[in-house]
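Examining the three-dimensional arrangement
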Amino acid sequence: MQTATQLVPLGDRPAWKALQTHFQQIRDRHLRELFAEDPARGERFTAEASGIFLDYSKNRITDETLKLLVQLAEESGVREKIEAMFRGEKINITENRAVLHVALRAPKGESIILDGEDVVPAVHTVLDKMSDFAERVRSGAWRGHTGKRIRNVVNIGIGGSDLGPVMAYEALKHYSQRDLTFRFVSNVDGTDFAEAVQDLDPEETLFLVASKTFTTLETMTNAHSARDWALTKLGDEKAVAKHFVAISTNAKEVTKFGIDTANMFGFWDWVGGRYSMDSAIGLSTMVAIGPENFRAMLAGFHEMDVHFRTTPFEKNLPVLLGLLTIWYTDFFDAQTVAILPYEQYLKRFPAYLQQLTMESNGKHVTLDGRHVTTDTGPIYWGEPGTNGQHSFYQLIHQGTRLIPCDFIGFYKTLNPLGRHHDMLMANVFAQAEALAFGKTAEEVKAEGTADWLVPHRVFEGNRPSNTILAEVLTPAVLGKLVALYEHAVFTQGAIWNIDSFDQWGVELGKVLATRILGELESSSAPDGSHDSSTNSLIQRYRKNK
Ligand code: F6P
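Residues numbered from 1 in each chain as written. Predicted model: local features only at pLDDT ≥ 70, side-chain atom pairs only at ≥ 80, totals over all residues. Heavy atoms only, no water.

What follows is about the overall build of the protein chain. For the protein chain, the count of helices and strands is 23 helices and 13 strands. For the protein chain, the C-alpha radius of gyration of 25 Å lies close to 24 Å, the compact-globule estimate for 545 residues. Along the first, second and third principal axes, the C-alpha set of the protein chain runs to 75 × 60 × 55 Å. The 545 residues of the protein chain split such that 54% are buried. A sequence separation of at least 24 residues applies to 74% of the contacts in the protein chain between residues at least 6 apart. (Helix = DSSP H or I, 4+ residues; strand = E, 2+ residues; numbered from the N terminus. Rg over C-alpha atoms; globule rule 2.2 N^0.38 Å. Buried < 20%, exposed > 50% of the residue type's maximum accessible area, 1.4 Å probe, protein only. Contact = heavy atoms within 4.5 Å.)

This part takes up the site of the ligand. For the ligand, the set of nearby residues contains 13 residues, the closest of which are Ser-161, Ser-211, Thr-213, Thr-216 and Glu-359. Here an oxygen atom of the ligand and a backbone polar atom of Gly-160 are 2.8 Å apart. Contact between the ligand and Lys-212: an oxygen atom at 2.7 Å from a main-chain N or O atom of the residue. With the chains in place, 86% of the 390 Å² that the ligand exposes on its own is no longer accessible. When contributions to the shell around the ligand are tallied by element, the ones reaching two or more residues are α8 (160–171) and α16 (349–361). Residue composition of the shell around the ligand, by class: two nonpolar, nine polar and two charged. (Near = heavy atom within 4 Å. Polar contact = N/O pair within 3.5 Å; in protein donor to acceptor, adjacent residues only side chain to side chain. Areas by Shrake-Rupley, 256 points an atom, 1.4 Å probe, with all protein chains shown as cover. Nonpolar A, V, L, I, M, F, W, Y, C, P; charged D, E, K, R; others polar.)

Quick look at the nonpolar core now. Counting 126 residues, the largest nonpolar core has Phe-133, Trp-270, Trp-327, Phe-349, Leu-478, Leu-481 and Tyr-485 as the members making the most contacts within it. Setting aside residues up to four positions removed in sequence, Tyr-485 forms contacts with Leu-321, Ile-339, Phe-349, Leu-353, Leu-356, Asp-406, Ile-408 and Ile-468. Counting residues in each nonpolar core, the second largest holds 24 residues, with Phe-193, Ala-230, Val-240 and Phe-257 among its members. (Core = buried A, V, L, I, M, F, W, Y, C linked by side-chain atoms within 4.5 Å.)

So, on to the side chain of Glu-203. Topologically, Glu-203 is positioned in the loop between α9 (190–197) and β7 (205–210). A polar side-chain atom of Glu-203 sits 2.5 Å from a polar atom in the side chain of Thr-146. Polar contacts involving the side chain of Glu-203 include one to the side chain of Lys-233, which spans 3.2 Å.

Glancing now at unusual backbone geometry. Each neighbour pair has its own omega, and for Gly-385 with Thr-386 the value is 5 degrees, a cis peptide bond. Of note, Thr-386 is situated in the loop between β11 (379–381) and α17 (393–398). A positive phi angle, close to 60 degrees, is found at Asn-497, a residue other than glycine. Judged by relative accessible area, Asn-497 falls into the buried class, the value being 4%.

Now for the sheet that holds strand β10 (residues 336–341). What the six strands build is an open sheet, ordered β1-β2-β13-β12-β10-β11; its pairing is mixed. The two strands at the open ends of the sheet, each matched to only one other strand, are β1 (46–49) and β11. On average, each strand axis in the sheet is tilted by 15 degrees relative to the strand beside it, whichever way the strands run. Where strand β12 (residues 405–410) meets strand β13 (residues 465–470), six bridges bridge the pair, whose relative direction is parallel. Paired with Asp-406 across the strands is Asn-466, a residue of β13. (Pairing = 2+ DSSP bridges. Axes fitted to C-alpha atoms, helices over the stretch in contact; angles between N-to-C directions.)

Below, the discussion takes up the packing of aromatic side chains. Within a pair of aromatic rings, the relevant descriptors are the distance that separates the centres and the angle that separates the planes. Enumeration according to the criterion identifies 27 aromatic pairs in this entry. A centroid spacing of 6.2 Å and a plane angle of 85 degrees characterise the contact between Phe-214 and Phe-257, whose relative ring orientation is edge-to-face. Note that Phe-214 is positioned in the loop between β7 and α10 (217–234) and Phe-257 in helix α12 (residues 251–257), a separation of 43 residues in sequence. Note on Phe-257: relative accessible area 4%, which makes it buried. Aromatic side chains Phe-392 and Tyr-393 sit 5.4 Å apart centroid to centroid with 40 degrees between the ring planes, which places their arrangement in the tilted category. (Phe/Tyr/Trp six-rings, centres within 6.5 Å; stacked < 30°, edge-to-face > 60°.)

Here the focus is the pairing of strand β5 (residues 152–156). For β5, the tally of buried residues reaches five of five residues, placing the bulk of the element in the interior. The alternating pattern of β5 places Asn-152, Val-154 and Ile-156 and Val-153 and Asn-155 on opposite faces, both of which are buried. The pairing of β5 with strand β6 (residues 181–185) spans five bridges and is classified as parallel. Bridge pairing in β6 links Asn-155 to Phe-184. What joins β5 to β6 is α8, and the crossover it makes is right-handed. Relative to β7, β5 runs parallel, the two being bridged by five bridges. Within β7, the residue paired with Val-153 across the bridge is Leu-206. (Right-handed = clockwise from strand over helix to strand, strands pointing away.)

Within the secondary structure, Lys-363 sits in the loop between α16 and β11. In terms of polar contacts, Lys-363 uses its side chain to reach the backbone carbonyl oxygen of Glu-359, at 3.2 Å. Those residues in contact with Lys-363 that lie beyond four places of it in its chain are Arg-274, Val-372, Thr-376, Ile-498, Asp-499, Ser-500, Phe-501 and Asp-502.

Okay, the pattern of salt bridges next. For the coordinates displayed, the defined rule picks out 34 salt bridges. Across the pair Arg-105 and Asp-278 runs a salt bridge whose closest N-O atoms are separated by 2.6 Å. A residue pair is termed long-range when its members are at least 10 positions apart, and Arg-105 in the loop between α6 (101–104) and β3 (113–114) and Asp-278 in the loop between β9 (264–266) and α13 (283–289) qualify at 173 residues. Summarising the burial analysis for this pair, Arg-105 and Asp-278 share the class buried. Beyond isolated ion pairs, a larger network of salt bridges with shared partners links Arg-105, Asp-278, Asp-305 and Glu-486. (Salt bridge = Lys/Arg side-chain N within 4 Å of Asp/Glu carboxyl O.)

Before going further, it helps to examine helix α5 (residues 78–87). Along α5, the residues classified as buried are Val-78, Lys-81, Ile-82, Ala-84, Met-85 and Phe-86. Contacts made by the buried residues of α5 are with α4 (63–75), α6, α14 (291–310) and α21 (475–496). Looking one or two residues past α5, Gly-88 carries a phi angle of roughly 85 degrees, positive in sign.

Distances and angles like these do not, on their own, reveal function.
Written out as structure tokens, the structure reads:
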């Protein structure tokens, strides 16, 4: 494998240089022309793998672009880097860790060796323990301290220990056990906790404290408040054993909190927080949808893993998505990517992808510590359709910025209701068509529009999008979709040659917050050692709180 230092700087790779020249030829070409030149374009620029169909024909690319982007991936060592990840090499170099979320969904019997040990059996031991626990909660066999059945499950976590669980719960609600209530508490803002439990009975409530480190300030603060809340009613310290379980890699801190490690579900330092929804961090998901569905979701992840590892780049869905993002970010100067699921159950998918993509690829130095020479991770954002159409789509259609969009839709709905689904999907296809082809001044005029109004009603078009389709949102399909984006992020990071698996950028704010908290709570005057803005904000808050 090429190491970071052997890898030719991005700007010096032949494919990059060729793409720069090529970009000059293609930057002003319109999708209208590209489609007119090639009637088969809409079929040719597509790829499909394990039921996930990608139409990427409405991108500002030609066969040459694709060839060069694939060449860039090869020259950037993407293939070798994929193998390094799957082999358990310590590719998260700044934390000296392997990156093995793919092991979380490796079937029994496969083996992935890390430091001389096969990690797959341990993954399945935890899965079995989770299954046993989930069944006991779902069946009512697991009782609260006073003997009542558990009716409410509250996941306390933040970042990857929240966004994955809440996204998956919402996405798979259709499959969930409806006599259980699920809540998710993440924010250190006390309102989050207060509102989550205000109508719950502690005797019937189980808290899942989800934290890889078990030291995260927000989570530990909420977990302590939860314990106080529960014990105020339950009265007895022993109740903790029946109402709290921990999901963590840190047994010492779990014990310190008062949770018996018998009630702890472990995982490993080679699972990054934002890649952890299919580890024990997914316990709330498993309680909600049951072990069988959870395993089906893992199988979906695994199918996409195999596809990513084995498929030639030209037909490789995550690679294609990753390459297209590089194309827009670094050549067209696009700043963002919009994620637009036309599936209400995926309402938290854009928020989930924000952490996955932006914590992974929001990096300013390469693996060898040099400042990057191109933009890296774009801003991901989005909302489910059709709601976004009545708010921000105006800017996507007629604003001055180029915003590549990923439309996600399904052939079938889980809730058939009259014409709703056809109407929903008509909007997916209409939006992608309108963005790509727009409406010319001639077309607007031909409708009888007054001359002065014509410019306002013109749609320039040439706005790129991908359309991703699958049959129906099942646990397996969710796994495939998440893995699709995980590996697209990997592909981007590999080309930028950055560490997609660390997150040093969250540290400074944490340290300063701890220091400032002392100043907000202290009875003595703050020492005024910050800048003048921060000093006076602290003073103002102290005076008015
Ligand atoms: O925001 C930083 C971060 O470390 C994320 O990467 C992680 O998902 C989150 O905090 C929560 O961490 P933990 O699971 O250790 O509480």
